[in-house]
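Examining the three-dimensional arrangement
Residues per chain are reported as follows:
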Amino acid sequence: GESVGLHLPTLSVQEGDNSIINCAYSNSASDYFIWYKQESGKGPQFIIDIRSNMDKRQGQRVTVLLNKTVKHLSLQIAATQPGDSAVYFCAENGGSQGNLIFGKGTKLSVKP
Amino acid sequence: NAGVMQNPRHLVRRRGQEARLRCSPMKGHSHVYWYRQLPEEGLKFMVYLQKENIIDESGMPKERFSAEFPKEGPSILRIQQVVRGDSAAYFCASSQGRGAVDGYTFGSGTRLTVV
């Protein structure tokens with residue numbers, strides 16, 4: 001299940017289950033959103049992106065959903081694998097000059 | 001294609017010393033962004049540079065921090081007179097054009113520890 005502790009929210013799932021990670025973004029003017037995966041000791045790795053003129057985009061095993069009405073973004077991972085264990089961040093391009101605004105992140109833990 | 005290269009990977013400095021962090025963008029990329037990440041937090045934008053120009057430094061602390069991206073060589077993030085609160089992971093990203101929509105690639109970061 002999902003829990004919010006003192007630090008990063010953590011989502012714990014069983015291997016093979018689907019995962020849903022949620023994110024609320026801040027700037028209604030943002031028109032481009034990205035999900036990143038960050039493994040321990042590494043930099044953020046691009047997973048999937050979506051522009052504001054779409055509400056859904058699919059990749060390999062991942063789907064991003066965008067709800068502009070409530071400024072909500074979600075990442076769905078199908079058939080979650082141990083290698084998916086990482087911290088996941090959403091980011092929006094609401095900053096000036098092309099910089100990204102990152103959310104706080106969700107730690108995904110996959111149990112074998 | 002070597003990707004975005006950052007060095008050193010780990011840097012330990014005593015309080016009051018200077019820290020220099022280097023970032024070589026991907027080949028063909030002329031836009032560089034620096035971000036800072038505290039433990040268990042998201043990345044926070046610091047500065048955006050193009051060759052020989054600072055485009056946006058709205059996320060940089062007003063004192064002790066500076067950045068450059070010379071015509072030749074890597075981009076440098078410089079922190080003078082480091083304090084314990086500067087301990088963090090510093091990430092650099094590069095892109096071909098302005099902004100993330102043009103392909104934004106992150107390096108592996110430099111982990112700065114101030115003792």
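A brief structural summary. (Residues numbered from 1 in each chain as written. Chains lettered and ligands numbered in written order. Predicted model: local features only at pLDDT ≥ 70, side-chain atom pairs only at ≥ 80, totals over all residues. Heavy atoms only, no water.)

Some words on the overall build of chain B
Within chain B one finds 0 helices and 11 strands. Reading chain B from its N terminus to its C terminus gives the helix and strand order β-β-β-β-β-β-β-β-β-β-β. Its C-alpha atoms give chain B a radius of gyration of 13 Å, within 12% of the compact-globule value 13 Å for 115 residues. With the principal axes as the frame, chain B shows a C-alpha extent of 35 × 25 × 25 Å. Taken over 115 residues, chain B has a buried fraction of 44%. For chain B, the proportion of contacts with a sequence separation of at least 24, taken over those separated by at least 6, is 52%. (Helix = DSSP H or I, 4+ residues; strand = E, 2+ residues; numbered from the N terminus. Rg over C-alpha atoms; globule rule 2.2 N^0.38 Å. Buried < 20%, exposed > 50% of the residue type's maximum accessible area, 1.4 Å probe, protein only. Contact = heavy atoms within 4.5 Å.)

Quick notes on the state of the cysteines
What the rule picks out here adds up to 2 disulfides over all chains. Disulfide pairing places Cys 23 of chain A opposite Cys 90 of chain A at an S-S distance of 1.6 Å. Of this pair, Cys 23 of chain A sits in strand E3 (residues 19-24) while Cys 90 of chain A sits in strand E9 (residues 86-92), and the two are 67 residues apart along the sequence. We note that Cys 23 of chain A, like Cys 90 of chain A, is buried. Across the disulfide from Cys 23 of chain B sits Cys 92 of chain B; the S-S distance is 1.8 Å. Looking down the S-S bond of the Cys 23 of chain B and Cys 92 of chain B bridge, the torsion is -45°, so its handedness is left-handed. Taken together, the residues span a long stretch of sequence, with Cys 23 of chain B in strand E3 (residues 19-24) and Cys 92 of chain B in strand E9 (residues 88-95) at a distance of 69 residues. (Disulfide = S-S within 2.5 Å.)

Quick word on the side chain of Asp 49 of chain A
All names here are of chain A. Along the chain, Asp 49 falls in strand E5 (residues 45-51). For Asp 49, the side chain forms a polar contact with the side chain of Tyr 32, separated by 2.5 Å. Reaching out from Asp 49, the side chain makes a polar contact with the side chain of Arg 57 at a distance of 2.2 Å. Setting aside residues no more than four positions away along its own chain, Asp 49 makes contact with Tyr 32, Phe 33, Ile 34, Arg 57 and Val 64. (Polar contact = N/O pair within 3.5 Å; in protein donor to acceptor, adjacent residues only side chain to side chain.)

Some remarks on the nonpolar core
If you look at the biggest cluster of nonpolar residues, it comprises 23 residues, and the most contacted ones within it are Trp 34, Met 46, Leu 77 and Tyr 90 of chain B. At the level of secondary structure, the elements contributing two or more residues to this core comprise E3, strand E4 (31-37), strand E5 (43-50), strand E7 (65-68), strand E8 (75-79), E9 and strand E11 (110-114) of chain B. (Core = buried A, V, L, I, M, F, W, Y, C linked by side-chain atoms within 4.5 Å.)

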